Amino acid sequence: ETGVTQTPRHLVMGMTNKKSLKCEQHLGHNAMYWYKQSAKKPLELMFVYSLEERVENNSVPSRFSPECPNSSHLFLHLHTLQPEDSALYLCASSQDYRSSYEQYFGPGTRLTVT
Amino acid sequence: AQSVAQPEDQVNVAEGNPLTVKCTYSVSGNPYLFWYVQYPNRGLQFLLKYITGDNLVKGSYGFEAEFNKSQTSFHLKKPSALVSDSALYFCALDTGTASKLTFGTGTRLQVTL
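What you see is a predicted model, and the numbers here were worked out from it, not measured in a lab.

**What about the overall build of chain B?**
The number of helices and strands found in chain B is zero helices and twelve strands. For chain B, the sequential pattern of α-helices and β-strands runs β-β-β-β-β-β-β-β-β-β-β-β. Its C-alpha atoms give chain B a radius of gyration of 13 Å, within 12% of the compact-globule value 13 Å for 113 residues. Over its C-alpha atoms, taken along the principal directions, chain B stretches across nearly 40 × 30 × 20 Å. Per-residue burial over chain B gives 46% buried out of 113 residues. Within chain B, counting contacts between residues at least 6 apart in sequence, those at least 24 apart form 56% of the total. Split by element, the accessible area of chain B, about 5300 Å² in all, is 48% carbon and sulfur. Side-chain charges of chain B comprise 9 positive and 8 negative groups, with the mean position of each set lying 5 Å from the other.

In structure tokens, the structure reads:
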């Protein structure tokens, strides 16, 4: 295990639902990330947090709303999603966001939007 | 803009044979290069990275990669493949100013008996 956990592992939601993805890291890292992984496409960086402050927001639709209450926890709140949002959502952490420390990934949440 | 290319969607190797997974990159500054592996139903796992120094980098599970600045490549290699190496491999690029990795599309490695 990498020290990064994600819940739930699988989620099916309708387009009008509201749900949240949770990520927790047990590594003492300062930076946390959300990625979207779709088939046949490179990983897409969605958000970056450093010490609970958002430092990167890659033009992600407002139907995705991140929250970082402390340096160990990261949430992704979802509402009024579209079918094309179905993907594997990966959380990662690293020691620092400003240097090229390797990132440690959680197992992901497989999201299906119906 | 920076980019990473993994020209092969899939690489097939017999167990015991050497393997190579190719990666080329494009960046204006000095590259920081990474390899990650993803097993089924799992997140990505870090294998190795090149930041500076020796062009040959050794990583986890017997993998190594060679940084070649003139060819802008960072190919992943292993002298003797195992069936358990079968997975999806990602090359990634960072410029070191901020941890904003650019990933390739991935190469599926299939090792057969």
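Moving on from the coordinates now.
**Considerations on the interface of chain B and chain A**
Contacts between the two partners involve 23 residues from chain B and, on the opposite side, 24 residues from chain A. Roughly 1800 Å² of surface becomes buried between chain B and chain A when both sides are summed, with 52% attributable to carbon and sulfur atoms. Here chain B is connected to chain A by one salt bridge. With a shortest N-O distance of 2.8 Å, Glu102 of chain A and Lys49 of chain B are connected by a salt bridge. Taken together, the links from chain B to chain A amount to four residue pairs in polar contact (both at pLDDT 80 or more). Every element with two or more residues in the side of chain B that touches chain A is listed here: β5 (32-38), β6 (44-50) and β10 (87-94) of chain B.

**So, the environment of Ser62 of chain A**
Note that Ser62 of chain A resides in the loop between β6 (53-57) and β7 (64-70). Given the relative accessible area of 65%, Ser62 of chain A is considered exposed.

**So, the nonpolar core**
In terms of nonpolar packing, the biggest core is built from 27 residues, with Trp35, Leu47, Leu48, Phe74, Leu76 and Tyr89 of chain B touching the most fellow members. Mapped onto this core, the elements with two or more residues apiece are β2 (10-14), β3 (19-21), β5, β6, β8 (64-68), β9 (73-78), β10 and β12 (107-112) of chain B. Residue contributions to this core peak at four residues, all from β10 of chain B. Membership of the second largest hydrophobic core comes to 22 residues, among which are Leu11, Leu21, Met32 and Trp34 of chain A.

Definitions and limits used
- Counting starts from 1 at the beginning of each chain's written sequence and moves along it residue by residue.
- To read the labels, note that chains go from A and ligands from 1, taken in the order they are written.
- In keeping with the predicted nature of the model, local features appear solely for residues at pLDDT of at least 70, side-chain atom pairs appear and are counted solely at 80 or more, and the whole-chain, interface and lining totals rest on all residues.
- Based on all heavy atoms of the structure, the side-chain values leave hydrogens and waters out of the count.
- Counting from the N terminus, the helices are the DSSP runs of H or I reaching at least four residues and the strands are the DSSP runs of E reaching at least two.
- Radius of gyration: C-alpha atoms only; globule rule: 2.2 Å multiplied by the number of residues to the exponent 0.38.
- Burial classes follow relative accessibility: with a 1.4 Å probe on protein chains only, a residue under 20% of its type's maximum area counts as buried, one over 50% as exposed, and anything between as partly exposed.
- Only heavy atoms enter the contact rule, under which two residues are in contact if any of them lie within 4.5 Å.
- A 1.4 Å probe and the Shrake-Rupley method give the accessible areas. Residues count as covered only by the protein chains that appear here.
- For the purpose of charge, His is not counted, nor are the chain termini; Lys and Arg are scored as positive and Asp and Glu as negative.
- Charge positions come from single atoms, namely NZ of Lys, CZ of Arg, CG of Asp or CD of Glu.
- A quick way to say it: buried area is the sum, across both parts, of accessible area lost when two parts are put together, with a 1.4 Å probe.
- We define a salt bridge as a side-chain nitrogen of Lys or Arg found within 4 Å of a carboxyl oxygen belonging to Asp or Glu.
- Between N or O atoms, a polar contact is any pair within 3.5 Å; within protein, one atom must be a potential hydrogen donor and the other a potential acceptor, and residues adjacent in sequence are included only when both atoms are from side chains.
- To define a nonpolar core, start from buried Ala, Val, Leu, Ile, Met, Phe, Trp, Tyr and Cys residues and group those joined through side-chain atoms within 4.5 Å.

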